[in-house]
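# Residue-level structure breakdown
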Amino acid sequence: LGAAVNVWLEADLTAHTGQVHDWYAAEDGLDLRALDDDSATLAAAAGSAEQALRRQDDQLTALAQAWQGRGAQAAREFLLRHGGAAQQAVVAVRRAADTVAALRDELWQAIDTKVAVTERIEARCAARRESWLAAARTVRTGLGDRDAASELVDTQVKPFVDNDIGVDWVSAMRSATAAVTDAYAGAVAALTHG
């Protein structure tokens, strides 16, 4: 089982030359500030629509007091139908504003979590980075004490890559990707089925 897990993790890190970069930069095209602006614009539109609906309701009350008879009744029925349609529009715009705000928050949290995990893992090896890089150069070039460098790579670098990167970091990248996918799916469902 351990060998199968190592092969699986290696594929997540080495499927192609830029695999690690691709995991980390998968959300580079997201513009969370644009989502923030869209949310604010939709919220303002919902507020305006709600205000217009209140005005319309006030006018319906004024109409009932000022006009009586069959013509007034027909006008009231028309305005009530119009008010029902306007209410549906207000609800839809408010739902869109809330959905975009929730999407922005969920995406922000997923990306922040991914960055925080990466920074924590980086901090765990910061003190050893220079010695690890020197050992890797020695192993790669053959210049220096190759036996000591190989031992350092085997006892420190490989376990770090297998555990901290291959397990912790890759899991965080997968979780972030799943969170982003789920956030978009949830937003689409809220807008289409809400």
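## Things to note about the nonpolar core
Grouped together as the largest cluster of nonpolar side chains are 16 residues, with contacts concentrated most on Ile 121, Trp 132, Ala 135, Phe 160, Ile 165, Trp 169 and Met 173. Sorting the residues of this core by element identifies helix 4 (70–125), helix 5 (129–141) and helix 6 (146–193) as the ones contributing at least two each. Per element, the largest residue contribution to this core is 10 residues, and it comes from helix 6. Those residues in contact with Trp 132, other than ones at most four positions away along the chain, are Cys 125, Leu 152, Gln 156, Val 157 and Phe 160.

## Structural notes on the pattern of salt bridges
Applying the stated criterion across every chain, the model contains 8 salt bridges. When the shortest N-O distance is used, the salt bridge between Arg 129 and Glu 122 registers 2.2 Å. The class of Glu 122 is partly exposed, set by a relative accessible area of 35%. Bridged by salt links that share partners, the residues Asp 36, Arg 104 and Asp 105 form one connected network.

## A few points about the packing of helix 4 against helix 6
Closest axis-to-axis distance for the helix 4/helix 6 pair is 9 Å, and the angle between their directions is 175°. For the element pair helix 4 / helix 6, the angle class is roughly antiparallel. Tallied by class, the residues present in the contact of helix 4 with helix 6 amount to 20 nonpolar, 2 polar and 6 charged.

## A few points about helix 5
The end-to-end C-alpha separation of helix 5 is 18 Å, in line with the 18 Å expected for 13 residues at 1.5 Å each. Within the span of helix 5, buried status applies to Trp 132, Ala 135 and Thr 138. Take helix 5 and look down its axis: the buried residues cluster within an arc of 125°, on one side only. Exposed residues lying more than 90 degrees from the buried face of helix 5 are Glu 130 and Arg 140.

## A short note on the side chain of Thr 138
Locating Thr 138 in the fold gives a position in helix 5. At a separation of 3.4 Å, a polar atom in the side chain of Thr 138 contacts the main-chain carbonyl oxygen of Leu 143. Beyond its immediate chain neighbours, meaning those up to four positions away, Thr 138 contacts Leu 143, Gly 144, Asp 145, Arg 146 and Ala 149.

## Some points on the environment of Ala 187
Along the polypeptide, Ala 187 turns up in helix 6. A relative accessible area of 9% means that Ala 187 is categorised as buried. Counting along the chain gives 84 residues from Ala 187 to Leu 103, while the straight-line C-alpha distance between them is 6.3 Å. Once residues lying within four places of it in the same chain are set aside, the contact partners of Ala 187 are Thr 99 and Leu 103.

Rules and cut-offs
- Residues numbered from 1 in each chain as written.
- Predicted model: local features only at pLDDT ≥ 70, side-chain atom pairs only at ≥ 80, totals over all residues.
- Heavy atoms only, no water.
- Core = buried A, V, L, I, M, F, W, Y, C linked by side-chain atoms within 4.5 Å.
- Buried < 20%, exposed > 50% of the residue type's maximum accessible area, 1.4 Å probe, protein only.
- Helix = DSSP H or I, 4+ residues; strand = E, 2+ residues; numbered from the N terminus.
- Contact = heavy atoms within 4.5 Å.
- Salt bridge = Lys/Arg side-chain N within 4 Å of Asp/Glu carboxyl O.
- Axes fitted to C-alpha atoms, helices over the stretch in contact; angles between N-to-C directions.
- Parallel < 35°, antiparallel > 145°, perpendicular 65-115°, else oblique.
- Nonpolar A, V, L, I, M, F, W, Y, C, P; charged D, E, K, R; others polar.
- Expected span 1.5 Å × (residues − 1).
- Arc of directions from axis to C-beta.
- Polar contact = N/O pair within 3.5 Å; in protein donor to acceptor, adjacent residues only side chain to side chain.

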